[in-house]
Amino acid sequence: MVYFFGERGKESRKLLGGKGANLGEMTRIGLPVPPGFTISTRVCMDFIKTKRYPRYLEKQVESNLKKLERKMKRKFGDEKRPLLISVRSGAPVSMPGMMDTVLNLGLNDKTVKGIEKESGDPRFAWDSYRRFIQMFGDVVLEVDHAKFEKILNKRKRGRKDTDLKVEELKIIVSEYKNLVRRETGKEFPSDPKKQLKMSIDAVFSSWDNKRARTYRKLNNIPEDLGTAVNIQAMVFGNLGKDSATGVGFTRDPSTGENTPYGEYLINAQGEDVVAGIRTPKPIFNLKKDLPKAYRKLMKVYKLLDKHYRDMQDLEFTIEKGKLYVLQTRAGKRTAQAAVKIAVDLVKERMISKREAIMRIDPAQLDHLLHKQLDPKEKEKARAIAKGLPASPGASVGIVCFTADRAEELASKGKDVVLVREETSPEDIGGMSVSKGILTARGGMTSHAAVVARGMGICCVAGCEDIIIDEKKKTLTAGEIKIREGEWITLDGGTGEVIEGKIAVVDPEMKGEFRTLMKWVDEFRRLGVRTNADTPEDSKRAKDFGAEGIGLARTEHMFFEGGRIDSVREMILAEDEKGRRNALKKLLPMQMNDFLGIFKEMNGLPVTIRLLDPPLHEFLPKEDKEIRKLARKMKVSYQKLKKKINFLSEFNPMLGFRGCRLGVVYPEISEMQVEAIIKAAIKINRSGGRAFPEIEIPVLGSLEEAKFMREVIERIAKDLIRKSRVNVKYKIGTMIELPRACVVADELAKVLDFFSFGTNDLTQTTYGFSRDDSGKFIPKYIEKGVLKKDPFQVLDREGVGSLMETCVKLGKKTNPKIEIGICGEHGGEPSSVEFCHKLGIDYVSCSPFRVPIARLAAAQAKIKNG
């Protein structure tokens, strides 16, 4: 249960935690580490569950404490040469600042005098005692830290804490003890053994504190790892001008450059640097202040970097000119630094390409592909509300509350943030010209989130902290009211909404990023396509490495320019002839849409989904807008209102949409197929290459598949025959219904490809509405009913099981059938890994997630073969 430093090393991370394993490792390789011992993570989980310790733990702690006393030639609690120790947490996964630490443990009214006499520095002794009572009182006795600070600040009277005299420190110690007595009803514990027992309890308990639980939740760290407790002999950076404490990085954590980085304080203890009590100096200044210690520190930097084959974050103390290393761990770094360090380490022959790929967190790549808020300016700002970080990046613009207004202002050169209760396909025009999108409702896969990610636009969704009054054109967050035309800033990486303007910075796309992506493609098996509806998105995705389009949504094209009028004319037509007349107007527009996409993709597959949403989504909902449209279409208000009422549905998700539209109104599908094939013919005739894959949405039966295939083939074959231009094409379906999964063997007889629409498949499997689930899913996760939001991370047990059934049945009937995924899960790393294991052919995601999917696919291959 207890290991002395050096008995185990970095191989024992799970048992000893990162800190304990690395302290053992550094001891083994001969670095100047103050001796100590580690109580294992197993003890933590026993203690959390039972509030008791295993048998013999006390004896093992006592035995290792005696060994530490012998090493240091001091006695714990001795009045003449007292041993002082630190008690620190250390989980298997780094959780900086989330758990607790106690320094200077072992001090009391008697041992402080021993330290005073031995050091010959009364000020140091009483400053250490003051620090110990404050830290122990806060961490162990749970006395509010601010109350200690109030006493300290009263005595400092604007001076630095280093200016406090010995007599003042003695008074502060006395006042601290009085505070503890008032707050706890007990005297401050003076027995060092009792102090140690209580501190161990506190550090183990801190595994279960609120901030630690939140950090684990945000970073997907398992709850059952536990923390170790590290008990280590104290060394002191506050012994005078020849003593110091600091934090260092073996490479620059912001840029990844191979240059030493860090900060230090003369005559201070470790928490002074972290807490920002004093402004630290850059590490290079240490060369002047303590040159001998600086030279040794630089050697330690190089040794650690080489030994761990990664950038290290270390803590050090210099006591009377002698350097000690207190901790090392893999350093937290920006996305830019992560990529540069990984690539540089391969070039320096310290790691392999395989290791470099595995070291990059796919989610980090988001930050390389989007504008970010200037970190210095953001530090000064205050968020007024927080929603879901639905699409990364940063946006700064003036608020507007309708898509039309957004388009109007954007056409005048204004930067706009579109603020809506929720968005709909009709808002696409305003969304596309906005710098950012903020919605009060909806989740991570809501319309706003999906479209914004596809367009690479920053989006904060489901921000329930705000109240939107569209009539008064105001956004209210608490006591703050923002009117249309006023500035707001969105952080799509954190979900924060900030009042006013903050500067943004461009991400740096350096050569290392391209190098890493080249290595990634050497390893992955899965193809990576993109979800794109425009030539611009297609080009962007291709630049990011997309190998085709896995989903082009034709309904988005219907909202562009004036074509919505032709769509509405088709909907309002009394008969087939009227519908066909309206569709004739749409044909050349659709054909041009596909021409642009085919040109950009030039021979790569392009999956085009036939019209999917119900027709009522193309008609207005508000009475004012209905009257306006009636005048424009030259029909009576009553007739239009009647048609809208007829088309409206109680549950549109399961209503008159997808292939059902194609079966009832085949002329709609015929027009779209004609536009697709004519565009492909024109591209191929001019020397280019077009390879369309025509996708039928919401199929659930063999009969629907046969009907739709006959419609598509009749049009396609006739056009190809007449043109005498060869066009290769495929016909398939989006799998979004559980029934489609279990009859996949039947569907595969008449279809060439399947593409899992996992957003809708998750809805229909769970019975959750993705636009409304934000109301309860966070609570489900909080209460442990769900581990993850199934719209963000693929549900392997339910949805995944249906997918597995579909793949097996489909390939059994049609071994050559192509199978992909085009839901937003196609860009989520753990879902990509599941798709790799399933053996499907490709994943498809929004353009800005293509590099993430490529990296995740390579990591899946390396991990699973």
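**Student:** I'm lost on the sheet that holds strand β28 (residues 730-735) in this one. Help?
**Tutor:** In a beta sheet, neighbouring strands are held together by backbone hydrogen bonds and run either parallel or antiparallel to one another. What the eight strands build is a closed barrel, ordered β24-β25-β26-β27-β28-β29-β30-β31; its pairing is parallel. Adjacent strand axes in the sheet meet at a mean angle of 25° when their direction is disregarded. In the packing of helix α27 (residues 666-685) onto the sheet, contacts are made with β26 (605-609) and β27 (691-696), and the angle to β27 comes to roughly 170°. Contacts from helix α33 (residues 799-813) reach β28, β29 (753-756) and β30 (818-821), with the element oriented near 175° to β29.

**Student:** What should I look at first to understand the pattern of salt bridges in this one?
**Tutor:** Note that side chains of opposite charge can pair when their charged atoms are close. One pass over the full model with this rule turns up 73 salt bridges. Of the charged contacts in the structure, one is a salt bridge between E818 and R529, with a shortest N-O distance of 2.8 Å. Here E818, found in strand β30, pairs with R529, found in strand β24 (residues 527-531); they are 289 residues apart in sequence, far enough to count as distant. Ionic pairing is found between K749 and E746, a salt bridge with its closest N-O pair at 3.1 Å. Taking the relative accessible area as the measure of exposure, E746 reaches 28% and is therefore partly exposed.

**Student:** Teacher, can you tell me more about the environment of Q60 here?
**Tutor:** Mapping Q60 onto the fold places it in helix α3 (residues 57-72). Taking the C-alpha atoms as reference, Q60 lies 9.1 Å from I39; in sequence the two are 21 residues apart. Sequence-distant contacts of Q60, defined by excluding residues within four places in its chain, comprise M1 and V2. Of the polar contacts made by the side chain of Q60, one reaches the backbone nitrogen of M1; its length is 3.1 Å.

**Student:** Help me understand the sheet that holds strand β19 (residues 474-477) in this model?
**Tutor:** Taken in spatial order, the three strands make up an open sheet running β18-β19-β20, and their pairing is antiparallel. Strands at the two margins of the open sheet, each flanked by one partner only, are β18 (466-469) and β20 (480-483). For this sheet the average axis-to-axis angle between neighbouring strands, irrespective of direction, equals 20°.

**Student:** What should I look at first to understand helix α1 (residues 13-28) in this one?
**Tutor:** Owing to its 3.6 residues per turn, the α-helix aligns residues three or four sequence positions apart on the same side. Its 16 residues place the ends of α1 only 15 Å apart at the C-alpha level, less than the 22 Å of an ideal helix rising 1.5 Å per residue. In the structure, α1 departs most strongly from a straight axis at K19, where the bend amounts to approximately 80°. Of all 16 residues in α1, 12 are buried, a share of seventy percent or more. When we look at burial in α1, the residues that qualify are L15, L16, G17, G18, K19, G20, A21, N22, L23, G24, E25 and M26. Just past α1, the residue G30 takes up positive phi, approximately 90°.

**Student:** What's the story with a nonpolar patch on the surface in this structure? I'm lost.
**Tutor:** Where nonpolar side chains cluster on the molecular surface, the patch consists of V663, V664 and F707 and spans about 220 Å² of accessible area. Secondary-structure assignment places V663 in helix α26 (residues 659-664).

**Student:** I would appreciate a short explanation of a negative patch on the surface in the present structure.
**Tutor:** Negative charge collects at one region of the surface, where D404, E407, E622 and E625 lie side by side. Topologically, E407 is positioned in helix α16 (residues 403-411). The exposure class of E407 is partly exposed, given its relative accessible area of 37%.

**Student:** Please explain the packing of helix α22 (residues 563-572) against helix α23 (residues 576-601) as it appears in this structure.
**Tutor:** Any two packed helices are characterised by the angle at which their axes cross and by the distance between the axes. Contact geometry for α22 and α23: axes closest at 8 Å, N-to-C directions at 145°. Here the hand of the crossing between α22 and α23 comes out left-handed. For the pair formed by α22 and α23, the contact residues are R563, S566, V567, E569 and M570 on the first element and R579, A582, L583, K585, L586, M589 and D593 on the second. Grouping the constituent residues of the contact of α22 with α23 by class yields six nonpolar, one polar and five charged.

**Student:** Teacher, can you tell me more about the nonpolar core here?
**Tutor:** One broad rule of soluble globular proteins: the nonpolar side chains tend to lie buried together. Counting residues in hydrophobic clusters, the biggest one holds 151 residues, and the most contacted among them are F598, F754 and F756. If you look at the next biggest cluster of nonpolar residues, it comprises 67 residues, including F132, M135, Y215 and A233.

**Student:** What exactly am I supposed to notice about the packing of helix α31 (residues 758-766) against α33 here?
**Tutor:** Two elements in contact, α31 and α33, have axes separated by 10 Å at closest approach and are oriented at 115°. Classified by the interaxial angle, the pair formed by α31 and α33 is roughly perpendicular. α31 and α33 meet at a crossing whose hand is right-handed. Side by side, α31 and α33 meet where T758, L761, T762 and T765 of the first sit next to V799, L802 and M803 of the second. Residue classes in the contact of α31 with α33 are distributed as four nonpolar, three polar and no charged.

The rules behind each value
Residues numbered from 1 in each chain as written. Predicted model: local features only at pLDDT ≥ 70, side-chain atom pairs only at ≥ 80, totals over all residues. Heavy atoms only, no water. Pairing = 2+ DSSP bridges. Helix = DSSP H or I, 4+ residues; strand = E, 2+ residues; numbered from the N terminus. Axes fitted to C-alpha atoms, helices over the stretch in contact; angles between N-to-C directions. Contact = heavy atoms within 4.5 Å. Salt bridge = Lys/Arg side-chain N within 4 Å of Asp/Glu carboxyl O. Buried < 20%, exposed > 50% of the residue type's maximum accessible area, 1.4 Å probe, protein only. Polar contact = N/O pair within 3.5 Å; in protein donor to acceptor, adjacent residues only side chain to side chain. Expected span 1.5 Å × (residues − 1). Bend = angle between axes of the 7 residues up to and from the residue. Patch = residues over 30% accessible without salt bridge, like charges linked within 9 Å, V, L, I, M, F, W, Y side chains within 5 Å. Areas by Shrake-Rupley, 256 points an atom, 1.4 Å probe, with all protein chains shown as cover. Lys, Arg positive; Asp, Glu negative; His and termini not counted. Charge placed at Lys NZ, Arg CZ, Asp CG, Glu CD. Left-handed = near helix turned anticlockwise from the far one by under 90°. Nonpolar A, V, L, I, M, F, W, Y, C, P; charged D, E, K, R; others polar. Core = buried A, V, L, I, M, F, W, Y, C linked by side-chain atoms within 4.5 Å. Parallel < 35°, antiparallel > 145°, perpendicular 65-115°, else oblique.

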